[in-house]
Amino acid sequence: MRTITTTDDLAAYCEAAKAAPYVTIDTEFLRERTYWSKLCLIQMALPGQGEAVLVDPIEGPEMSLEPLYDLFRHEGTVKVFHAARQDLEIFFVEGKVFPKPLFDTQIAAMVCGFGEQVGYETLVKKIAKANLDKTSRFTDWSRRPLSEAQKDYALADVTHLRVIYEWLAAQIAKNGRADWVAEELAILTDPATYTIDPEEAWMRIKTRTTSGRFLAVVKALARFRETYAQTQNIPRSRVMKDDALLELASTRPTTIEELGRSRLLLREGRKPEIAEGILAAVKEGLEMRPEDMPRIDPGREQMQVNPALADLLRVLLKAKSESLGVAPRLIASSSELDQIAAGGRDVPALSGWRREAFGEDAIRLCRGEIALSAKGNEVRVVRL
């Protein structure tokens, strides 16, 4: 077991990886106390019985990760991750680079019928025929020195991944679904996936209120929260949680005294610079011109979901997913089915590979061009 803490050693290992068809990679990080993830450890393994190493940026604070980023740019080696989104966000934020070509075994497993959001432990058991030691799962990866048990646990995240990758890659090639996987991976390597614009932060907050003035205050508060959290590198919940934000958008305090009456604002949010920012945001929302107020998509607001049709779409989705051996949620979410049943057509389930797998028949079902029939446990599509 080798731990890399210098730029030269990292460069040598990455050069060896460039000669390999693939390299498996994982990270350990902390995010409980920060806005941006704190990278604590990188694990890498070469094919077969090739060397597996730990790359420790905490033990090697002077080590540059540029050799790793150079490997990410090397298109002759596939970079294999499991559930890559958070790993990729770290590398994009710190190095402005995405690994290409990329393979995510969680996505590939869903395409191969392993269910929704399949965990690494499940794939280790079913494909690698091994068991994971879970005792170090909830460890603090920022503390040093790491124990041997922690190191073993970390390396297992990339050593078993070799067998899993080779098996899934073969299955994807066999069932001809490489394009399906590629569509999903394109989302993971899109900068927009990891870029949160404070101007659009309000759209992430769930509210049933469509009042323009209310939404104006929500937008101003959400913008302040996002900007402050990013600048101070603290979780947005430490500024204020969503429920507190919505409460403030309703009560609209204009003084420190009024702000102090909030039931949901935590102690952190009552600090002077945050409190002043909240009051300034409320004032901004109250003074926003009507033409500048945010609005819920009027088309979506007016949509009337046909419950019976939505239920039929769910039956169709279940039948399609079972016949294809693909996790249903990978094809369409429940909210997408409701949108389709309400007449919406600009949804992911109706584009790309999903349109071929499910979307075309979903539209035909909405038009009354097909029906569903049941025979035993099987649901069939019947042309009308």
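Structural notes, computed from the coordinates. By convention here, each chain's residues receive numbers from 1 onward along its written sequence. For this predicted model, a pLDDT threshold of at least 70 governs which residues receive local features, and a threshold of 80 or more governs which side-chain atom pairs are given and counted, while totals over whole chains, interfaces and linings are taken from all residues. Think of the side-chain values as coming from all heavy atoms in the structure, minus any hydrogens and water.

## Re the packing of helix α14 (residues 307–324) against helix α16 (residues 334–341)
Two quantities define a packed helix pair, namely the angle between the helix axes and the distance between the axes. As a reminder, the rule being used: Angles here are taken between N-to-C directions and fall from 0 to 180 degrees, while the axes themselves are lines fitted to C-alpha atoms, restricted in helices to the stretch in contact. In this text, helices come from DSSP runs of H or I with a minimum length of four residues, and strands from runs of E with a minimum of two, each type numbered from the N-terminal end. Should an angle fall under 35 degrees it is called roughly parallel, over 145 degrees roughly antiparallel, and 65 to 115 degrees roughly perpendicular, with every other angle called oblique. Two helices that cross are described as forming a left-handed crossing if the nearer one is turned anticlockwise from the farther one by less than a right angle, and a right-handed crossing if clockwise. In what follows, a contact means two residues having at least one pair of non-hydrogen atoms within 4.5 Å. Three classes are used, and their members are as follows: Ala, Val, Leu, Ile, Met, Phe, Trp, Tyr, Cys and Pro are nonpolar, Asp, Glu, Lys and Arg are charged, and the others, Gly among them, are polar.
For the pair α14 and α16, interaxial distance at closest approach is 9 Å and the crossing angle is 130°. Taken together, the axis directions place α14 and α16 in an arrangement best described as oblique. Handedness of the crossing formed by α14 with α16: right-handed. Of the residues in α16, those in contact with Leu-309, Ala-310, Leu-313, Arg-314 and Leu-317 of α14 are Ser-334, Leu-337, Asp-338, Ile-340 and Ala-341. In the contact of α14 with α16, the residues fall into 7 nonpolar, 1 polar and 2 charged.

## Here's the deal with helix α8 (residues 212–232)
Put simply, the rule is: In this scheme, a helix's expected span is set at 1.5 Å multiplied by one less than its residue total. Burial here depends on accessible area, computed with a 1.4 Å probe over protein chains only, as a share of the maximum for the residue type. Under 20% is buried, over 50% is exposed, and the range in between is partly exposed.
A rise of 1.5 Å per residue sets the reference length of α8, with its 21 residues, at 30 Å; its end C-alpha atoms lie 30 Å apart and thus fit the reference within 8%. Counting buried residues in α8 gives 15 out of 21 residues, a clear majority hidden from the surface. Just past α8, the residue Asn-233 takes up positive phi, approximately 55°.

## Some details on the packing of aromatic side chains
Operational definition: Stacked, tilted and edge-to-face are the three classes applied to pairs of Phe, Tyr and Trp rings, where Trp contributes its six-membered ring and a pair requires centres within 6.5 Å; stacked means planes under 30 degrees apart, edge-to-face means over 60, and tilted covers the rest. Here, a charge over a ring means that NZ of Lys or CZ of Arg falls within 6 Å of the ring centre while also lying within 35 degrees of the ring normal.
If you walk through the whole model with that rule in mind, you get 14 aromatic pairs. Aromatic side chains Tyr-69 and Phe-72 sit 6.2 Å apart centroid to centroid with 50° between the ring planes, which places their arrangement in the tilted category. Of the two residues, Tyr-69 and Phe-72 are both situated in helix α2 (residues 66–73); the distance of 3 residues between them amounts to about one turn of the helix. The pair formed by Tyr-69 and Phe-72 is uniform in burial state, with each residue classed as buried. What links up through ring pairs into an aromatic cluster is the set Tyr-69, Phe-72, Phe-81 and Phe-91. Sitting above the plane of the Phe-92 ring, Lys-96 keeps its charged end 5.1 Å from the centroid.

## A word on the nonpolar core
Rules: Throughout this description, the term nonpolar core refers to a set of buried Ala, Val, Leu, Ile, Met, Phe, Trp, Tyr and Cys residues connected via side-chain atoms within 4.5 Å.
Counting 81 residues, the largest nonpolar core has Ile-42, Met-44, Leu-68, Leu-313 and Phe-358 as the members making the most contacts within it. Here Phe-358 is in contact with Leu-313, Leu-316, Leu-317, Lys-320, Ile-331, Ala-332, Leu-337, Ile-340 and Ala-349, once residues within four sequence places are set aside.

## Here we look at the sheet that holds strand β1 (residues 2–4)
The following threshold applies: Pairing between strands is defined by DSSP: at least two bridges between them are needed.
The sheet built from 6 strands is open, its strands ordered β1-β4-β3-β2-β5-β6 with mixed pairing. This sheet does not close on itself; its edge strands, each paired only once, are β1 and β6 (102–104). Looking at each pair of strands side by side, their axes are set apart by 30° on average, direction ignored. Relative to strand β4 (residues 52–55), strand β3 (residues 38–45) runs antiparallel, the two being bridged by 4 bridges. Counted as the bridge partner of Gln-43 is Leu-54 from β4.

These figures come from the coordinates and say nothing about function on their own.
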